[in-house]
Amino acid sequence: MPRKSPPRRAPALQDKTSRPARWEGKTKPDWLSRALARAGALPLQEAEDAIQEGRVTVNGRVVRQPLAPVPEGAVLRVDGTEVRREVETRVLAFHKPADLLTSTVSQHRTGTVYEVLLPQLPSELARYTWHAVGRLDRGTTGLLLFTNDEKLVAHATSPETHLAKRYVATVQGTADEARVAPLRQGVQLEDGPTRPAQVRIRDAHTVEVIVTEGRNHQVKRMLGAVGLPVRALHREAIGGVALDVPVGTFRLLTPEEVTEGLGYAGRHHG
Ligand code: URA
């Protein structure tokens, strides 16, 4: 069962005006192939094959439909071996290079972040299905999280969580206090006003922006709205997790980084 205790707030990069982060886990029955993949028993495609080959049982009975719903608490076996369904939430911090798309898990095409990340994973991590936590534009570099826990994706990307994302933008034009000041109040974009952002000028062409939403192209649009078109954008931190690995590489976050840094207390069954 998902733990119901409210997640703790991240210690860094938090919007002081925000409401507490909250994720109410809901338990929906999983379908069989997905339950096996989530539990890390087999990658999704191999799970489908195993089910169709009659190698998978649910509560002792062979089930050959990959989309069969799995009742809560059901015992799953592959080739007679019980699948441990309580899976710890795992989160990877990846340093996204430029010129890669953040695709969804089902679109592992060439030119995507998965093409660079997946071949690096050791076997104990490669068996999970990895979901990108939000997205970065193709040209944007920096911290991109991946997780095996879709509830964490929902938690971290919900504007209600108020998880702070810190970006550094290289801008055209000269950044000065008068120009960036409206960002601290919130600016009007075509999809509505933005929340107040934290903004710091690092030098005349470098601006740090901390936002607690994650709308499409948000930082570029915000800076564009105050006359500072973005030439390059880099994400340095999400919540209390700061980027600390070389470009193109990843590391596994510690459980403390997930709970404290991302404000996420849930672990889930597969
Ligand atoms: N804001 C943007 O404009 N682009 C990104 O990739 C992320 C945030």
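Only a predicted model underlies this, so the values are computations on that prediction, with no experimental measurement involved. (Residues numbered from 1 in each chain as written. Predicted model: local features only at pLDDT ≥ 70, side-chain atom pairs only at ≥ 80, totals over all residues. Heavy atoms only, no water.)

Let us now look at the packing of aromatic side chains. Considering all chains together, one arrives at 3 aromatic pairs under this definition. Judged by centre distance (5.9 Å) and plane angle (80°), the rings of Tyr 128 and Trp 130 are edge-to-face. The pair Tyr 128 / Trp 130 is uniform in exposure class, with both members buried. Grouped by ring-pair contacts, the aromatic residues Phe 94, Tyr 114 and Phe 146 constitute a single cluster. In this arrangement the basic side chain of Arg 34 is found over the ring face of Trp 31, its NZ or CZ atom lying 4.6 Å from the centre. (Phe/Tyr/Trp six-rings, centres within 6.5 Å; stacked < 30°, edge-to-face > 60°. Buried < 20%, exposed > 50% of the residue type's maximum accessible area, 1.4 Å probe, protein only. Lys NZ or Arg CZ within 6 Å of the ring centre and 35° of its normal.)

Turning our eyes to something else, we now look at the site of the ligand. The full set of residues close to the ligand is Leu 136, Asp 137, Thr 140, Tyr 167, His 217, Gln 218, Val 219, Lys 220 and Leu 233. In isolation the ligand offers 240 Å² of accessible surface; the protein chains occlude 96% of this area. Counting atoms within 2 Å of the grid points, the majority share of the ligand lands in the second largest pocket. Ranked by residue count, the leading element in the shell around the ligand is helix α7 (residues 218–225), at 3 residues. (Near = heavy atom within 4 Å. Areas by Shrake-Rupley, 256 points an atom, 1.4 Å probe, with all protein chains shown as cover. 1 Å grid on protein atoms, 1.4 Å probe; cavity = no way out; pocket = protein on both sides within 12 Å on 5 of 7 lines; lining within 4 Å. Sits in = over half its atoms within 2 Å of the grid points. Helix = DSSP H or I, 4+ residues; strand = E, 2+ residues; numbered from the N terminus.)

Here the focus is the layout of surface pockets. Taken as a whole, the second largest pocket holds about 510 Å³ of empty space. Along the wall of the second largest pocket there are 29 residues; nearest its centre are Arg 135, Tyr 167, Gly 214, Arg 215 and Arg 235. Contributions of two or more residues to the lining of the second largest pocket are made by α5 (150–157), β11 (165–171), α7 and β16 (230–238). Class assignment for the residues of the lining of the second largest pocket results in 13 nonpolar, 8 polar and 8 charged. (Points joined across faces, edges and corners; volume = space filled by probe spheres on them. Nonpolar A, V, L, I, M, F, W, Y, C, P; charged D, E, K, R; others polar.)

Further remarks concern the confidence of the model for the chain. For the chain, per-residue confidence averages 87 on the pLDDT scale, and 86% of positions sit at 70 or higher. In this model residues 1–12 is a low-confidence stretch, pLDDT under 50, and it forms 43 contacts with partners more than four residues away in sequence or in other chains. (pLDDT = per-residue confidence, 0-100. Contact = heavy atoms within 4.5 Å.)

Among the 6 residues that make up strand β8 (residues 91–96), 6 are buried, leaving the element largely enclosed by the rest of the structure. Neither face of β8 is left uncovered, since the one carrying Val 91, Ala 93 and His 95 and the one carrying Leu 92, Phe 94 and Lys 96 both have all their residues buried. Strand direction decides the pairing type here: β8 and strand β10 (residues 141–147), joined by 6 bridges, are antiparallel. Each residue of the ladder has a partner; that of Leu 92, found in β10, is Phe 146. Bridge analysis of β8 against strand β18 (residues 250–252) gives 3 bridges, and the strand direction is antiparallel. Across the sheet, Ala 93 pairs through a bridge with Arg 251, a residue of β18. (Pairing = 2+ DSSP bridges.)

Turning our eyes to something else, we now look at the pattern of salt bridges. If you walk through the whole model with that rule in mind, you get 19 salt bridges. Residue Asp 30 pairs with Arg 38 through a salt bridge whose shortest N-O separation is 2.7 Å. Per residue, the accessibility class of Asp 30 equals that of Arg 38, and both read buried. For Arg 251, the salt bridge identified is with Asp 244, shortest N-O distance 2.9 Å. Under the relative-accessibility criterion, Arg 251 is labelled partly exposed at 22%. A relative accessible area of 47% means that Asp 244 is categorised as partly exposed. What you see here is one network of salt bridges that share partners, running through Arg 166, Arg 200, Arg 202, Glu 208 and Glu 236. (Salt bridge = Lys/Arg side-chain N within 4 Å of Asp/Glu carboxyl O.)

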